[in-house]
Amino acid sequence: MTDVNDNDKRLTPHRDGGLTEFLAAWPYEAEDSCPARWVVTPNGRKMLQLRIDIGVLQMAPDGRPDGTLPHGMDSLLAHYIAEEQRSPENVLPYKLSAEACGELQSEVSQYYQRLTAYRELEDALGVVNDSGHILDIIDLVGEYAEDDDDAWQFTQLYPQMLVLNTRGRVDLCRKAGDHAAERSIVELAISDLETYYREQYDAPPAPDAPPPKELADLRELQGEGEKQRPRSEAEALSEEIDEALRAENYERAANLRDQLNRLRSRGKGKGKGRLQDS
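About the thresholds
Residues numbered from 1 in each chain as written. Predicted model: local features only at pLDDT ≥ 70, side-chain atom pairs only at ≥ 80, totals over all residues. Heavy atoms only, no water. Axes fitted to C-alpha atoms, helices over the stretch in contact; angles between N-to-C directions. Helix = DSSP H or I, 4+ residues; strand = E, 2+ residues; numbered from the N terminus. Parallel < 35°, antiparallel > 145°, perpendicular 65-115°, else oblique. Contact = heavy atoms within 4.5 Å. Nonpolar A, V, L, I, M, F, W, Y, C, P; charged D, E, K, R; others polar. Phe/Tyr/Trp six-rings, centres within 6.5 Å; stacked < 30°, edge-to-face > 60°. Buried < 20%, exposed > 50% of the residue type's maximum accessible area, 1.4 Å probe, protein only. Lys NZ or Arg CZ within 6 Å of the ring centre and 35° of its normal. Arc of directions from axis to C-beta. Polar contact = N/O pair within 3.5 Å; in protein donor to acceptor, adjacent residues only side chain to side chain. Salt bridge = Lys/Arg side-chain N within 4 Å of Asp/Glu carboxyl O.

Asks: What am I meant to see in the packing of helix 2 (residues 76-86) against helix 3 (residues 98-120) here?
Replies: A pair of packed helices can be characterised by two numbers: the angle between their axes and the separation between those axes. Closest axis-to-axis distance for the helix 2/helix 3 pair is 9 Å, and the angle between their directions is 130°. By the angle class used here, helix 2 and helix 3 are oblique. Residues Leu 76, Leu 77 and Tyr 80 of helix 2 form the contact with helix 3, whose participating residues are Ala 100, Glu 103, Leu 104 and Glu 107. Residues that form the contact of helix 2 with helix 3 fall into these classes: five nonpolar, no polar and two charged.

Set out below in structure tokens:
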């Protein structure tokens, strides 16, 4: 460790009202405060802040969280996509070195920190955008990394990022009341994650082994969606019949089945009437 004496020009003197008081006013993991917030800088720019154990991160809400423009682009990912699009057959003419992968890893870290802030603020669109950015980087590195070990450092993040992205998209669907889109999104995510585990691991899991956590999370999300999905009268009666049978209340099940049959008969009758009228 380098010694710094009191006369060293590198030593910034402490001032009252500085960083210490700022952090004390926003304690880490305080029960009564959110670890993320919006702030407006002196120049009028809106920024995101995330309280972490060693201080505070301040991030731009759009583009790179650190506000830089690598290669004049909004992000490193945008730079490599542009390189792809300028190349024959939309393929990068070079592989990604360990150094290039390290730079992309830094970008992943930044977007993950901002994603964490958006999650704390319950900003589903922000979560979707930033997790989608990371998923695209995972795909890019998986295709172009020179070294398989470098590629794996990204690929192993796929399950977590897919779950975060899916949850964000589901939240948006629920706010819009689009249950059909929600079901489709979750079903596709489950299928993608099942494919991921089959491709990444040679040996299939034991029959009695619990599913990976991320896959269990998606299936739980799917179950939540099914419970919240509006039911037709026929669906509600069918579920009540199943519940009555499980409880061995056969008389109630028979009565409910009669109601369901009458409901279906009315539906068929209406259809016939419309056909006859035409």
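Asks: What exactly am I supposed to notice about the environment of Ala 100 here?
Replies: Examined against the element boundaries, Ala 100 turns out to sit in helix 3. Taking the C-alpha atoms as reference points, Ala 100 and Leu 76, 24 residues apart in sequence, are found 9.5 Å from one another.

Asks: How should I be thinking about the packing of aromatic side chains in this particular structure?
Replies: Given two aromatic rings, their pairing is described by the distance between the two centres and the angle made by the two planes. One pass over the full model with this rule turns up three aromatic pairs. Centroid distance Tyr 196 to Tyr 197: 5.2 Å. Interplanar angle 75°. Geometry classified as edge-to-face. Each member of the pair, Tyr 196 together with Tyr 197, is buried. Every member of this aromatic cluster is reached through a ring pair, and the members are Tyr 158, Tyr 196 and Tyr 197. Residue placement shows Arg 114 over the ring face of Tyr 111; its charged tip is 4.9 Å from the ring centre.

Asks: Please explain helix 5 (residues 148-155) as it appears in this structure.
Replies: An α-helix turns once every 3.6 residues. As a result, residues three or four positions apart point the same way. Looking at helix 5, one finds that the buried residues are Ala 151, Phe 154 and Thr 155. For helix 5, the arc enclosing every buried residue in end-on projection is 95°, short of the 170-degree limit, so these residues lie on one face. Of the surrounding elements, those touching the buried residues of helix 5 are helix 3, helix 4 (124-144), helix 6 (158-176) and helix 7 (179-200). Measuring from the side-chain oxygen of the N-cap residue of helix 5 to the backbone nitrogen of Asp 149 gives 2.6 Å; that N-cap residue is Asp 147.

Asks: Before we go on, may I ask you to explain the pattern of salt bridges in this structure?
Replies: Side-chain pairing between opposite charges can occur once the charged atoms of the two side chains come close. Taken as a whole and assessed by the stated rule, the structure comprises nine salt bridges. Where Glu 107 meets Arg 64, a salt bridge forms, and the shortest distance between an N and an O atom there is 2.8 Å. Of this pair, Glu 107 sits in helix 3 while Arg 64 sits in the loop between strand 3 (55-59) and helix 2; the two residues are 43 residues apart in sequence, bridging distant segments of the chain. Residues Glu 107 and Arg 64 agree in their burial class; the two are buried. Close ionic contact of Asp 217 with Lys 213 constitutes a salt bridge, the shortest N to O distance being 2.8 Å. Here Lys 213 and Asp 217 lie together in helix 8 (residues 213-228), a separation of four residues that amounts to about one turn. The class of Asp 217 is buried, set by a relative accessible area of 16%. Judged by its relative accessible area of 58%, Lys 213 falls in the exposed class.

Asks: Could you clarify how one ought to interpret the side chain of Thr 166 in this entry?
Replies: Structurally, Thr 166 can be placed in helix 6. Not counting residues up to four positions away in its chain, the partners in contact with Thr 166 are Ile 185, Val 186, Ala 189, Leu 218 and Leu 221.

Keep in mind these values describe shape, not function.
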